[in-house]
Each structure stands twice: as C-alpha cells, then as structure tokens.
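Residues per chain, in single letters:
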Amino acid sequence: KIERRLRIKRRVRKVVSGTANRPRMSVFRSNKQISVQLIDDVAGTTLAAASSLEIASQCAGKNKIDQAALVGEAIAKKAIELIKDNDSILIGSGTTASALARFLNPSDNKLTVITPALRVAIELCNKPNIEVLQLGGLIRPNSSSVAGQYAMRILDEISCGIVFLGVDGIDLDFGITISNLTEATLNQKMIATSQKVVILADSSKFGRRGLGKICNIEDVDYIVTDSNISSKYINALEESGLKVVIA
C-alpha cells in the first residue's frame, strides 16, 4: 500500500508539471451495459468510471432541466404582452421572473420596474427606457431576493399597474402558494399594491400546494402557463373570473 501511494504521488507531480502521459480509456460491455473507465497505467489506478445507464441518466436529467428552462422562457415572453400601456410593474423572484426581466425591452414608453429580486434588477439595470426600484431588506441566499419589513415599508408608499409572480402551487380550493413563508408575506403585499395580478406557472404547478399562501384564485387576473395544462383547470379557473393565457 505504501509503494502504491508513492506511485500515485509521483504521478500527481507529473500531472501538475505537465510531463505525465495521458490516461488510457477502456470501454467494455457487460450485462447488456456499456462501461467506460479512465485508467492511469503508471499509477495503476482507475481515475473515473461510468456505465451507460449512469451516462443516460445524467443526460436525461440535463434535458429535463433544459426543457423546463425553455417552457419558462416561453411563459415569460407571453407575459410581457400583458404589460401594454402600464408605466409601472412589480416583478417577483424565481427563474421565470428572471426570464421575464431578460426579455423585457420597451422601445417607446418608459417603464418603472419594482422588484425584491437582485437577479431581476441586474437584468434590467442597464436597459434603456427602464428605471429599477430595488426593494430593500435582508437578502435570502436561496432566491437572491429580499424580504422583511424594509421592503414592506416601500410598498406602503407606492402603487403599480401589474405584478408578475412565479409560484410553486396552484390549487383550486386552497389558492396560490409558494414554498417560503417570509417571501409569501411580501408577495401578499405586492399583490395589494397592484391593480392587476399575473401568475407565471408551468403546468406542473397545478394541483400542488406550497407552504405559504399568497392569495385566493379569485384575486388573480391572469395565469400564464404552457400548453400541457389540463382543460379541467382551464375551465375551472376561467369560471372563477380569471383569464388563462397559453404560451
């Protein structure tokens, strides 16, 4: 074991100095799987190994993430059409909200955007015809968004045309929810500050409940979602008075 450790140490020194030979790749089939190994012949060790199932699983996971991002971008682009002649909007936190900010480029009218989300503010801060009012308070690491009384106090003094909120759950009986209680309180205040409420949610959010309720279904004016939403939800939601917009 000591001799083997010494060989590995010498190999590491050569890798660092750039004088080491390249590792050898070995591919073989067993149990209807293809396995790949990266072998260091000098140190006598296997540097890395993976089966075809592991590789396929990683690729499938990446494809799922990429697909969700594309859906979120489509929802964001469709939501921008609802801004129209409004001169001030609120944008919440989340990946779809950030996408909305990324695609937002008003060409004629000036637009003021109020947001608790740092990522949204960064997307918008250098764009022409957009003024950004960043709400203050403690920044939550998981969402890069502020929450608390400082943000609430600013909202006490303003009014805006539309609020755009990403959510974690839409339940016909319980209402609209997110997973964080602290941000739920701020979202409630953002809704009270706005004349119109737009929810950004892909079809996977329907029939689910998050921890913190932000409003009832009847408090929402628009839900922007993707084409995979069930007709059952569309009918029930529109019967309650809101408009479902398909991206």
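Here the structure is a predicted model, which means the values were calculated and not measured.

Rules and cut-offs
- Residues numbered from 1 in each chain as written.
- Predicted model: local features only at pLDDT ≥ 70, side-chain atom pairs only at ≥ 80, totals over all residues.
- Heavy atoms only, no water.
- Salt bridge = Lys/Arg side-chain N within 4 Å of Asp/Glu carboxyl O.
- Helix = DSSP H or I, 4+ residues; strand = E, 2+ residues; numbered from the N terminus.
- Buried < 20%, exposed > 50% of the residue type's maximum accessible area, 1.4 Å probe, protein only.
- Core = buried A, V, L, I, M, F, W, Y, C linked by side-chain atoms within 4.5 Å.
- Contact = heavy atoms within 4.5 Å.
- Phe/Tyr/Trp six-rings, centres within 6.5 Å; stacked < 30°, edge-to-face > 60°.
- Pairing = 2+ DSSP bridges.
- Axes fitted to C-alpha atoms, helices over the stretch in contact; angles between N-to-C directions.

Things to note about the pattern of salt bridges
And then number 1: On inspection of all chains with the given rule, the structure shows 7 salt bridges.
And then number 2: The salt bridge partner of glutamate 73 is arginine 102, with a shortest N-O separation of 3.3 Å. Here arginine 102 lies in helix 3 (residues 95-103) and glutamate 73 lies in helix 2 (residues 52-80), a separation of 29 residues in the sequence.
And then number 3: The partner of glutamate 81 in a salt bridge is lysine 78, with the nearest N and O atoms 3.5 Å apart.
And then number 4: Classification of glutamate 81 by relative accessible area gives partly exposed; the value is 48%.
And then number 5: Classification of lysine 78 by relative accessible area gives partly exposed; the value is 27%.
And then number 6: In the salt-bridge network here, residues are joined through shared partners; they are Glu73, Arg102 and Glu123.

A closer look at the nonpolar core
And then number 1: Ranked by internal contacts, the top residues of the largest apolar core, which has 32 residues, are Ile170, Ile176, Ile199 and Ile214.
And then number 2: By residue number, the principal contributor to this core is helix 6 (residues 181-193), which donates 4 residues.
And then number 3: For isoleucine 199, the contacting residues outside a window of four places in its chain are Leu165, Val167, Ile170, Ile176, Val220, Tyr222, Ile223 and Val224.
And then number 4: Among the nonpolar cores identified, the runner-up in size contains 24 residues, and Ala117, Val198, Leu200 and Val245 belong to it.

Structural notes on the packing of aromatic side chains
And then number 1: Scanning the model with the defined rule gives 1 aromatic pair in all.
And then number 2: Summarising the aromatic geometry, the rings of phenylalanine 206 and tyrosine 233 are spaced 5.5 Å apart at their centres and angled 45° between planes, so their arrangement reads as tilted. Of this pair, phenylalanine 206 sits in the loop between strand 12 (194-200) and strand 13 (212-215) while tyrosine 233 sits in helix 7 (residues 231-239), and the two are 27 residues apart along the sequence.
And then number 3: Judged by relative accessible area, phenylalanine 206 falls into the buried class, the value being 9%.
And then number 4: Note on tyrosine 233: relative accessible area 15%, which makes it buried.

Some thoughts on unusual backbone geometry
And then number 1: The phi torsion at asparagine 129 lies on the positive side, around 65°, for a residue other than glycine.
And then number 2: Secondary-structure assignment places asparagine 129 in the loop between helix 4 (118-124) and strand 6 (130-134).
And then number 3: By relative accessible area, asparagine 129 is classed as partly exposed at 23%.

Let's talk about the sheet that holds strand 13
And then number 1: Ordered in space as 10-11-13, the 3 strands form an open sheet in which the pairing is antiparallel. Looking along the sheet, the strands with just one partner apiece sit at the ends: strand 10 (169-171) and strand 13. Taking each pair of neighbouring strands and ignoring which way they run, the sheet shows an average axis angle of 35°.
And then number 2: By the bridge criterion, 3 bridges tie strand 10 to strand 11 (residues 175-178) in an arrangement that is antiparallel. Each bridged residue has a counterpart across the sheet, and for isoleucine 170 the counterpart in strand 11 is isoleucine 176.
And then number 3: Those strands touched by helix 6 are strand 11 and strand 13, and its axis lies near 5° from that of strand 13.

Distances and angles like these do not, on their own, reveal function.
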